[in-house]
Amino acid sequence: MINIIYEDNHLLVVEKPINIPTQEDNTKDKDLLTMLKEYIKDKYNKPGNVYLGLVHRLDRPVGGIMVFARTSKAASRLSEQVRNKTFKKTYNAVVMGNINKEGKLVDYLLKDEKKNIVKVDKNGKEAILNFKKLNFKDNMSLVKINLETGRSHQIRVQMSHYGYPLFGDQKYNKTSKVGEQIALFSKKIEFIHPTTNEKLVFELDLPNRYPFTIFK
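Here we summarise the structure given alongside this text. Computed from a predicted model, the values in this text were never measured in an experiment.

One can find Thr-149 in the loop between β9 (140-147) and α3 (154-161). Separated by 43 residues in sequence, Thr-149 and Val-106 have C-alpha atoms that sit 10.0 Å apart. Residue contacts for Thr-149: discarding those within four places in its chain leaves Glu-126, Ala-127, Ile-128 and Gln-154. Here Ile-128 takes part through its backbone nitrogen, which lies 2.9 Å from a polar atom of the side chain of Thr-149. Polar side-chain contacts of Thr-149 include one of 3.0 Å to the side chain of Gln-154.

Attention now goes to the environment of Gly-103. The topology assignment puts Gly-103 in strand β6 (residues 102-112). A relative accessible area of 25% means that Gly-103 is categorised as partly exposed. On a C-alpha basis, the gap between Gly-103 and Ser-72 in space is 37 Å, while along the polypeptide they are 31 residues apart.

A few words now on the pattern of salt bridges. Per the counting criterion, the structure on display carries 12 salt bridges. The shortest N-O distance in the salt bridge between Glu-24 and Lys-28 comes to 3.0 Å. Here the two residues Glu-24 and Lys-28 agree in accessibility, since each one is exposed. Of the charged contacts, one joins Glu-38 and Lys-30 as a salt bridge, the two residues approaching to 3.2 Å between their closest N and O atoms. Each member of the salt-bridge network shares a partner with another, and the members are Asp-25, Asp-29 and Arg-60.

How each quantity is defined
Residues numbered from 1 in each chain as written. Predicted model: local features only at pLDDT ≥ 70, side-chain atom pairs only at ≥ 80, totals over all residues. Heavy atoms only, no water. Helix = DSSP H or I, 4+ residues; strand = E, 2+ residues; numbered from the N terminus. Contact = heavy atoms within 4.5 Å. Polar contact = N/O pair within 3.5 Å; in protein donor to acceptor, adjacent residues only side chain to side chain. Buried < 20%, exposed > 50% of the residue type's maximum accessible area, 1.4 Å probe, protein only. Salt bridge = Lys/Arg side-chain N within 4 Å of Asp/Glu carboxyl O.

No statement about biological role is implied by the geometric values presented.
Okay, here's the thing in structure tokens:
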């Protein structure tokens, strides 16, 4: 069962479970977008196809808070907020090593579509994130990350590039072990409601799983 955090006629705010794709991919595994369309269809007894707009994404192994648009108008207005950077996303990650207290990372990221990996490359797109260390234990740092850009695998690639790969990241952390879950979590989102113009803020607690639990 998906954790529904907030819903009205325009929005659906949910907690994405780990290891579920945001939208259908080539695995054809059940995806969150399809699940939520079924939820709306059942709850409101809607005939035919249900509209649900995808405003932003989370990588398959990553869990946390997301917002979906229930109307095309809401989707358009939320997407505009993403473009003009008034849509704020805050992540928590556990990285290997004792990272600096805080900083800003600016890189250019290029995606290899065939291998589904991203690398730092001067021919790529600009990627900017800000981070702040919240705690350090067991040679791992709990960091808060705010994205200024929304590139594919951005947090994972940039942190790894500077020598602080995420715990359990099977793609970009050479020391991660099979079966470990990536320690990246979409903790908080802030945006303006597409019709009421009210500022909305939604935040979740840290997950109850290792290594997040050592920082609680």
